[in-house]
Amino acid sequence: VQLQASGGGLVQAGGSLRLSCVAPGSIFGIDVMGWYRQAPGKQRELVATIPSGNGGRIIYADSVKGRFTISRGNAANRVFLQMDSLKPEDTAVYYCYVRTFSSSYWGQGTQVTVSS
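What you are looking at is a predicted structure, and each value in this text was computed from that prediction instead of being measured.

### With respect to the packing of aromatic side chains
Part 1 of the reasoning: The full count for this structure, using the stated rule, is three aromatic pairs.
Part 2 of the reasoning: Between Tyr36 and Tyr97 the ring centres are 5.4 Å apart and the planes differ by 70 degrees, which places this aromatic pair in the edge-to-face class. A residue pair is termed long-range when its members are at least 10 positions apart, and Tyr36 in strand 4 (residues 30-38) and Tyr97 in strand 9 (residues 92-100) qualify at 61 residues. Here Tyr36 and Tyr97 have matching classes, each one buried.

### A closer look at the environment of Ala92
Part 1 of the reasoning: Within the fold, Ala92 resides in strand 9.
Part 2 of the reasoning: A relative accessible area of 2% means that Ala92 is categorised as buried.
Part 3 of the reasoning: For the pair Ala92 and Tyr36, spaced 56 residues apart in sequence, the C-alpha separation works out to 9.5 Å.
Part 4 of the reasoning: Setting aside residues up to four positions removed in sequence, Ala92 forms contacts with Arg37, Gln38, Ala39, Thr110, Gln111 and Val112.

### Considerations on the environment of Ala61
Part 1 of the reasoning: Take Ala61: it is sitting in the loop between strand 6 (59-60) and strand 7 (68-72).
Part 2 of the reasoning: Taking the C-alpha atoms as reference, Ala61 lies 6.4 Å from Leu46; in sequence the two are 15 residues apart.
Part 3 of the reasoning: Once residues lying within four places of it in the same chain are set aside, the contact partners of Ala61 are Leu46 and Val47.

So, how was this worked out
Residues numbered from 1 in each chain as written. Predicted model: local features only at pLDDT ≥ 70, side-chain atom pairs only at ≥ 80, totals over all residues. Heavy atoms only, no water. Phe/Tyr/Trp six-rings, centres within 6.5 Å; stacked < 30°, edge-to-face > 60°. Helix = DSSP H or I, 4+ residues; strand = E, 2+ residues; numbered from the N terminus. Buried < 20%, exposed > 50% of the residue type's maximum accessible area, 1.4 Å probe, protein only. Contact = heavy atoms within 4.5 Å.

Put into structure tokens, the structure is as follows:
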């Protein structure tokens, strides 16, 4: 099962990018969707997660609060990450993440590069 992520690219510091992710229809019972990232030589870290439905809360890493916004699409299997005021330290491979009540899934990763 493969999550389809897109929207990465090269942008100057202060710029914006919007990441999108679609989970295939074969994934049922989605509980949480979100984004993680991994910079060269570093561990994968949480960027933001958003629950399905009205329960739960949105979580952001402290480093992106006030600059990134996670949202769900009208379809329950879509998640977006609006990234504004990008900094060079945001450079990483960004991975889409889906958690169901029984499993978790990862996308193939999309590269985000922020030049100074």
